Protein chains: 2
Amino acid sequence: MNDQDPALFALLNEIGIIEQLARNRFERAQPDGLRLPHFTVLNHMVRLGDGKTPGQLARAFQLTKATMTNTLQRLEARGFIRLEPDPDDARAKRVFLTPEGRARREEAVAFTATDLAALAQRADIRADALLAPLRALRTALDRDPRRN
Amino acid sequence: MNDQDPALFALLNEIGIIEQLARNRFERAQPDGLRLPHFTVLNHMVRLGDGKTPGQLARAFQLTKATMTNTLQRLEARGFIRLEPDPDDARAKRVFLTPEGRARREEAVAFTATDLAALAQRADIRADALLAPLRALRTALDRDPRRN
DNA sequence: ACTAGATAGTAAGATATCGAACGAAAGGAG
DNA sequence: CTCCTTTCGTTCGATATCTTACTATCTAGT
């Protein structure tokens, strides 16, 4: 990066590299090939409750429905979630965690927390100070034509 | 995210979403399907000079050589770069910008600069203040050994 | 000079992601 | 009720990325 780049340009560049490194770090640490999107969905359901529709999940993660279909199929094949028909809408489904899914999420959370704590300690990252401005940036980027 | 999440966890989560939104925003604005990795390589060569090897480029972007091979093949097929044998090492190649590649990069830079300027104005992002800590985070992720 | 190991680029196969197109079902206007 | 539009999930084809494996070439140690 040099001085000709607008700061925001350089910032997004840096963010892209960090995302890639962090994703790699997480996925390599998993013994069973659990991918970051899989974990993210499991984590979401533990924290905010399951029983949501695939479409709701897709919107929550800013992904297309097609992508969510793929992720849910993988999670179901691993036995981490269960898909049931929506009693109120014959087009829709509902996604539920299985005990295995919940357990696998706990495992990943525990490991990740340990890893990140060690990282933060070694690198002296003040993550809480960065969080608010990045959320503002996300919100600004988010005002875009809706997808799908 | 709630209070149980370590701040760094939430931070990386936010970064992942921003990366996705920014990539989408860029790629949708291109009229000819130019992808972010393609632009990134063109931009790098304009700013830091061409004539590098694929391996050097892969390292610069933290990508595998295989990924860079793919990107360079696309760029060459579009006529944006030219690959020549390295005179000093028969295993290696050298990557050069074509006039078309340079022009396409200028076009994308111009548009992106305008778009980001508007975004920064709308959102009051202090990108320069965020840049240094994120670079520290990147360096930490890049260096810190994984536990497994 | 030979040989073993490292390095350069590529290929194959996997996965995540997107956009486009689809059938099924719901909802609204008449 | 009928037709039109919207919404839900899925499938298909494309692209970027990774890992693994391969060939060709270079380099160092003996």
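So, a few notes on the structure that sits alongside this text. Model, not experiment: these values are computed from the prediction. (Residues numbered from 1 in each chain as written. Chains lettered and ligands numbered in written order. Predicted model: local features only at pLDDT ≥ 70, side-chain atom pairs only at ≥ 80, totals over all residues. Heavy atoms only, no water.)

### Let's talk about the overall build of chain A
Okay, so step 1: When its secondary structure is counted, chain A shows six helices and two strands.
Okay, so step 2: Each helix (α) and strand (β) of chain A, taken in turn from the N terminus, gives the series α-α-α-α-β-β-α-α.
Okay, so step 3: With the C-alpha coordinates aligned to their principal axes, the bounding extent of chain A is approximately 55 × 40 × 25 Å.
Okay, so step 4: In chain A, of all internal contacts separated by at least 6 residues, the share reaching a separation of at least 24 is 57%.
Okay, so step 5: Split by element, the accessible area of chain A, about 7800 Å² in all, is 49% carbon and sulfur.
Okay, so step 6: One finds the centroid of the 24 positive side-chain charges in chain A at a distance of 3 Å from the centroid of its 20 negative side-chain charges. (Helix = DSSP H or I, 4+ residues; strand = E, 2+ residues; numbered from the N terminus. Contact = heavy atoms within 4.5 Å. Areas by Shrake-Rupley, 256 points an atom, 1.4 Å probe, with all protein chains shown as cover. Lys, Arg positive; Asp, Glu negative; His and termini not counted. Charge placed at Lys NZ, Arg CZ, Asp CG, Glu CD.)

### Here's the deal with the protein's contact with DNA strand C
Okay, so step 1: The local shell around DNA strand C holds 29 residues, among which His38 and Thr67 of chain A together with Gly55, Lys65 and Lys93 of chain B are the closest.
Okay, so step 2: Restricting attention to atoms of DNA strand C within 4 Å of the protein, one finds that 74% of them are sugar or phosphate atoms.
Okay, so step 3: In the model, a phosphate oxygen of DNA strand C is placed 3.1 Å from a nitrogen or oxygen of the Thr64 of chain A main chain.
Okay, so step 4: At 2.3 Å, a side-chain N or O of Lys93 of chain B approaches a phosphate oxygen of DNA strand C.
Okay, so step 5: Examining the composition of the surface near DNA strand C, we find that five residues originate from one element, helix 4 (residues 65–77) of chain A, more than from any other.
Okay, so step 6: Classifying every residue of the surface near DNA strand C by side-chain character gives seven nonpolar, twelve polar and ten charged. (Near = heavy atom within 4 Å. Polar contact = N/O pair within 3.5 Å; in protein donor to acceptor, adjacent residues only side chain to side chain. Nonpolar A, V, L, I, M, F, W, Y, C, P; charged D, E, K, R; others polar.)

### Description of the protein's contact with DNA strand D
Okay, so step 1: Close to DNA strand D lie 27 residues; Lys65, Arg91 and Lys93 of chain A together with His38 and Thr67 of chain B are nearest.
Okay, so step 2: In DNA strand D, atoms within 4 Å of the protein come 73% from sugar and phosphate.
Okay, so step 3: Side-chain polar atom of Gln20 of chain A to a phosphate oxygen of DNA strand D: 3.0 Å apart, as the coordinates give it.
Okay, so step 4: Lys65 of chain A is positioned with one of its side-chain polar atoms (N or O) 2.7 Å from a base nitrogen of DNA strand D.
Okay, so step 5: Mapped onto the surface near DNA strand D, the elements with two or more residues apiece are helix 1 (7–29), helix 3 (54–60) and helix 4 of chain A together with helix 2 (36–48) and helix 4 (65–77) of chain B.
Okay, so step 6: When the residues that make up the surface near DNA strand D are grouped by side-chain class, the tally is seven nonpolar, eleven polar and nine charged.

### Remarks on the packing of aromatic side chains
Okay, so step 1: Under the defined criterion, the tally for this structure stands at four aromatic pairs over all chains.
Okay, so step 2: A ring pair is formed by Phe9 of chain A and Phe39 of chain B, whose centres lie 6.1 Å apart and whose planes are at 80 degrees; its orientation type is edge-to-face. Taken together, the residues span two chains, with Phe9 of chain A in helix 1 and Phe39 of chain B in helix 2.
Okay, so step 3: Ring centres 5.1 Å apart and planes at 40 degrees place the aromatic pair Phe26 of chain B and Phe39 of chain B in the tilted group. On the criterion of sequence distance, the pair formed by Phe26 of chain B in helix 1 (residues 7–29) and Phe39 of chain B in helix 2 is long-range, its members being 13 residues apart. Like Phe39 of chain B, Phe26 of chain B is buried. (Phe/Tyr/Trp six-rings, centres within 6.5 Å; stacked < 30°, edge-to-face > 60°. Buried < 20%, exposed > 50% of the residue type's maximum accessible area, 1.4 Å probe, protein only.)

### Remarks on the interface of chain B and chain A
Okay, so step 1: Taken together, the contact between chain B and chain A spans 52 residues of the former and 54 residues of the latter.
Okay, so step 2: Linking chain B with chain A are four salt bridges, by the criterion used here.
Okay, so step 3: The closest approach of N and O atoms between Arg135 of chain B and Glu14 of chain A, which form a salt bridge, is 3.6 Å.
Okay, so step 4: Where the side of chain B that touches chain A is concerned, the elements lending two or more residues are helix 1, helix 2, helix 5 (99–123) and helix 6 (127–143) of chain B.
Okay, so step 5: Considering every element that reaches the side of chain B that touches chain A, the biggest residue donor is helix 1 of chain B, with 18 residues.
Okay, so step 6: A class-by-class count of the residues in the side of chain B that touches chain A yields 30 nonpolar, eight polar and 14 charged. (Salt bridge = Lys/Arg side-chain N within 4 Å of Asp/Glu carboxyl O.)

In short, the description is geometric, and any link to function would need to be established separately.
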